[in-house]
Amino acid sequence: MDFVEQLKSSIDIVEVVGQYVRLRKAGTRWVGLCPFHTEKTASFGVHSVHQFYKCFGCGAGGDAIKFVMEIEAITFYEALKLLSERYGIPMPKRAEYSDPETKLRAALYHMHEIAQRIYRAALLSNAGAEARAYLAKRGIEPAVAEEFGLGLSDRSGQALVREFEKEGFTQEQLEESCLVVRRQERAGYYDRFRGRLMFPIQDESGKIIAFGGRALAADDQPKYLNSAESESGKSLYKKSRVLYNLHRAKGAIRSAGRAVLVEGYMDVIGVWAAGVHEVVASCGTALVVNQVRAIKRHSEKIIVNFDPDEAGMKAAERSIEMLLQEDMTVRVLELEGGLDPDEYCKAKGAEAYREHVARAPGYFYWLADRARAKFDMRTAEGRIEGLKFLLPAIQRVPDKLERATLANDLAGYLGVEAGLVLEHFRKSAVERREKPLPDAKEPLRHVERILLSAVLASPEVRRAILPRLKLAPQLEQFTTRRIFQALFAIEESGGELRIADVQGRLDVRDQDLLSELLFADNSEEGEYTLEHAEACLVSLEQAGHEARRAALKARIKEAERAGMLEEALRLAQELNRLERA
Ligand SMILES: [Zn+2]
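Residues numbered from 1 in each chain as written. Predicted model: local features only at pLDDT ≥ 70, side-chain atom pairs only at ≥ 80, totals over all residues.

## So, the overall build of the protein
Counting its regular elements, the protein contains 26 helices and 15 strands. Counting all 581 residues of the protein, 36% fall into the buried class. Residue pairs in contact within the protein that sit at least 24 positions apart in sequence constitute 62% of those at least 6 positions apart. (Helix = DSSP H or I, 4+ residues; strand = E, 2+ residues; numbered from the N terminus. Buried ≥ 20, exposed ≤ 12 C-beta atoms within 10 Å, placed from the backbone. Contact = placed C-beta atoms within 7 Å.)

This is the structure in structure tokens:
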């Protein structure tokens, strides 16, 4: 067995997908919200017997390796490596897996590991005294600094360059790493981060893909500097895909049933140290759709807790909009005294912060306050502007009754007529519809469904049934005939049956048909066995027999009428043989 098959047979796709998507068992299948498109009702299924996933909304589908490739945005080889490491299955060192892209990325991961080691060592060395004093002043315990892998970049700008040159990284690797910068005036490179407190940024699997650096000297600009994305797009860091701390927080997000979104690294660390572990940050940029989906895979509830300054408020507004678009349940936490989350935890204590998180009000009231601050509510124009500002947010409220109540509240709050609010509402009412996981009852006939289920379920049934089924004339009328033809071909080639191989032989329509059948919930009817399949086959054969006899009789009559007696006699003999058989 080759390594890919060995890996796939030793992992369970339900477990692999379950690390990224909340799945619930429904009969013989597992279902959840698709991580690849936005939806409210689950059209995403994972099949534990045949080890594949399928989304009936957006069409995404494949095996465990494909899933990891898609969700982590990594290459095939990297997905193999990630799964083999996660499940402790040793991977053979063979060159055929390393295409140039994978080789480059492997080097980039390695460079980030080296950088992390250097930064970390520098923080703990004599040269790190000032940075350690800063951390102590910010109330970050050494154990927390270690947990978050905090480090220090050397002022000389040569620490990484020297090490990378010693390791012999190529020019392309140096440039794509975005950890060093090419000199303008002469040959060579220098370190991108110099004299900064370093925060490693990890992807969802926990691999370091970038760094954030905070200036330590007052006159160093900018205050925060992040890894860059290279122009070629080959760098590991894609800022729109990364949420700071998600790999650490995702378990807590699931068990708490909510995520807390803050602005910066320090906030994450402060809130985490206060014991609220379901905390993530958007790495200093406005939240984008991929980041929202990454959170939503673990919980639909989120509490936004940004800095209380104007920039933070604006970022919160934009983030709320994005979160609502993706159907998240949003609450906003505003802390008293104009404190950011980190400051608040330090000043008022973890317990007070946790209480605030638990009591955070719905986003709507926060937005209404924003509207009142932004627009002049004393004038009619200002009130209309305020209404327009708030309408999109109310329309996102999924519950009709709640929406009507909010519209009423809003009218009172802004001092406009309730009728006016409702009219604006009606004008832009949006109804969304989604395709739920299909039942797969139609257009499959009962016989086809039983035969296919039984045949897919066991090699014994395949051996007994497929050769006989192949001769059944009714096969031509089967909706599933191309699926069976694929099965005949695989059975004849003597290969093991893998759903991916069957799918590979089918066009998209038949692939979907097969997926639907596999995801159909047959739990009430139970598993189909050889006996069921035999019974179907016998009834098909009898019906076929009957049809052939009827056809022969008709032809005999026709021959007699036409006076072709010799032909009629020959057909009568054939009918005789058939009836005796
Ligand atoms: Zn989908």
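## Here we look at the pairing of strand 12 (residues 259-262)
For a regular strand, the rule is simple: side chains alternate between the two faces of the sheet. A two-sided burial pattern is seen for strand 12, the buried positions comprising Ala 259 and Leu 261 on one face and Val 260 and Val 262 on the other. For strand 12 and strand 14 (residues 301-304), the ladder comprises 3 bridges, and the chain directions are parallel. In the sheet register, Leu 261 faces strand 14, and the bridge partner there is Val 304. As judged from the 3 bridges shared by strand 12 and strand 13 (residues 279-281), these two strands associate in the parallel manner. Paired with Leu 261 across the two strands is Val 280, which belongs to strand 13. One crossover worth recording links strand 12 to the parallel strand 13 by way of helix 11 (residues 265-273), and it is right-handed. (Pairing = 2+ DSSP bridges. Right-handed = clockwise from strand over helix to strand, strands pointing away.)

## As for the domain arrangement of the protein
A common measure of how large an interface is: the accessible area buried when the components associate. Each assigned domain of the protein is listed here: domain 1 (3-97), domain 2 (101-237), domain 3 (246-361), domain 4 (367-427) and domain 5 (438-581). Distance from the C-alpha centre of domain 1 to the C-alpha centre of domain 2: 32 Å. Contacts between the two partners involve 5 residues from domain 1 and, on the opposite side, 6 residues from domain 2. Partitioned by chemical class, the residues of the side of domain 1 that touches domain 2 number 2 nonpolar, 1 polar and 2 charged. (Domains from an automatic or database assignment. Nonpolar A, V, L, I, M, F, W, Y, C, P; charged D, E, K, R; others polar.)

## Concerning the sheet that holds strand 4 (residues 52-55)
Taken together, 5 strands build an open sheet; the order of strands is 1-2-3-4-5 and the sheet is antiparallel. One side of each edge strand has no neighbouring strand; the edge strands of this open sheet are strand 1 (24-26) and strand 5 (61-62). Here 4 bridges tie strand 2 (residues 29-32) to strand 3 (residues 44-47), and the two strands are oriented antiparallel to one another. Residue pairing across strands places Trp 30 opposite Val 46, the latter belonging to strand 3. Those strands touched by helix 24 (residues 508-519) are strand 2, strand 3, strand 4 and strand 5, and its axis lies near 75° from that of strand 3. (Axes fitted to C-alpha atoms, helices over the stretch in contact; angles between N-to-C directions.)

## Structural notes on the sheet that holds strand 15 (residues 329-332)
Read from one edge of the open sheet, 4 strands run 13-12-14-15, paired in parallel fashion. At either end of the open sheet lies a strand with only one pairing partner, and these are strand 13 and strand 15. With strand direction ignored, the average angle separating the axes of adjacent strands in the sheet is 30°. Here helix 11 sits on the sheet in contact with strand 12 and strand 13, set at roughly 175° to strand 13.

## A closer look at the pairing of strand 4
Residues Phe 52 and Lys 54 line one face of strand 4 and the alternating positions Tyr 53 and Cys 55 line the opposite face, and both faces are buried. Taken together, the 4 bridges between strand 3 and strand 4 define a ladder with antiparallel strand orientation. Each residue of the ladder has a partner; that of Val 46, found in strand 4, is Tyr 53. In textbook terms, the turn of a hairpin is the stretch between consecutive antiparallel strands, and for strand 3 and strand 4 this stretch comprises 4 residues, one of which, Gln 51, has a positive phi near 55°. As judged from the 2 bridges shared by strand 4 and strand 5, these two strands associate in the antiparallel manner.

## Details of the environment of Pro 473
Structurally, the position occupied by Pro 473 is in the loop between helix 21 (459-469) and helix 22 (481-492). Accessibility expressed as a C-beta count within 10 Å gives 12 for Pro 473, which makes it exposed. Expressed as a C-alpha distance, the spacing of Pro 473 and Val 180, which sit 293 residues apart in the sequence, is 69 Å.

## Comments concerning the nonpolar core
Core analysis: the largest hydrophobic core is formed by 92 residues, its most contacted members being Val 268, Val 271, Val 280 and Val 304. Aside from chain neighbours lying at most four places away, what touches Val 268 is Tyr 244, Asn 245, Val 262, Val 279, Val 280 and Ala 281. Of all hydrophobic cores here, the second largest spans 29 residues; its members include Phe 52, Cys 55, Ile 65 and Leu 83. (Core = buried A, V, L, I, M, F, W, Y, C linked by C-beta atoms within 7 Å.)

## Description of unusual backbone geometry
Note the cis peptide between Gln 221 and Pro 222, where omega equals -10°. Inspection of the secondary structure puts Pro 222 in the loop between strand 10 (208-215) and strand 11 (224-226). Of note in this structure, Gln 51 is not a glycine but carries a positive phi near 55°. On the secondary structure map, Gln 51 appears in the loop between strand 3 and strand 4. When the 19 C-beta atoms within 10 Å are taken as the criterion, Gln 51 is described as partly exposed.

## Description of helix 25 (residues 530-561)
With 32 residues, helix 25 should cover 46 Å at 1.5 Å per step; its first-to-last C-alpha distance of 46 Å lies within 8% of that length. Here helix 25 has its buried residues at Ala 533, Cys 536 and Leu 540. Remark: Gly 563 follows helix 25 within two positions and exhibits a positive phi of approximately 75°. (Expected span 1.5 Å × (residues − 1).)

## Side note on the confidence of the model for the protein
The predicted coordinates of low-pLDDT regions are not to be read in fine detail. On average, residues of the protein score 87 in pLDDT, and 94% of them reach the 70 mark or higher. Averaged pLDDT values for the elements of the protein fall to 73 in helix 19 (residues 418-427) and rise to 98 in strand 6 (residues 151-152). Contacts for the low-pLDDT stretch residues 430-443, under 50 throughout, to residues beyond four places or in other chains number 25 contacts. (pLDDT = per-residue confidence, 0-100.)

## As for the environment of Arg 370
Structurally, the position occupied by Arg 370 is in helix 16 (residues 363-374). For Arg 370, a count of 19 C-beta atoms within 10 Å gives the class partly exposed. The sequence separation of Arg 370 and Leu 410 amounts to 40 residues, and the corresponding C-alpha distance is 13 Å. With sequence-adjacent residues up to four places away left out, Arg 370 is seen in contact with Met 313 and Glu 317.

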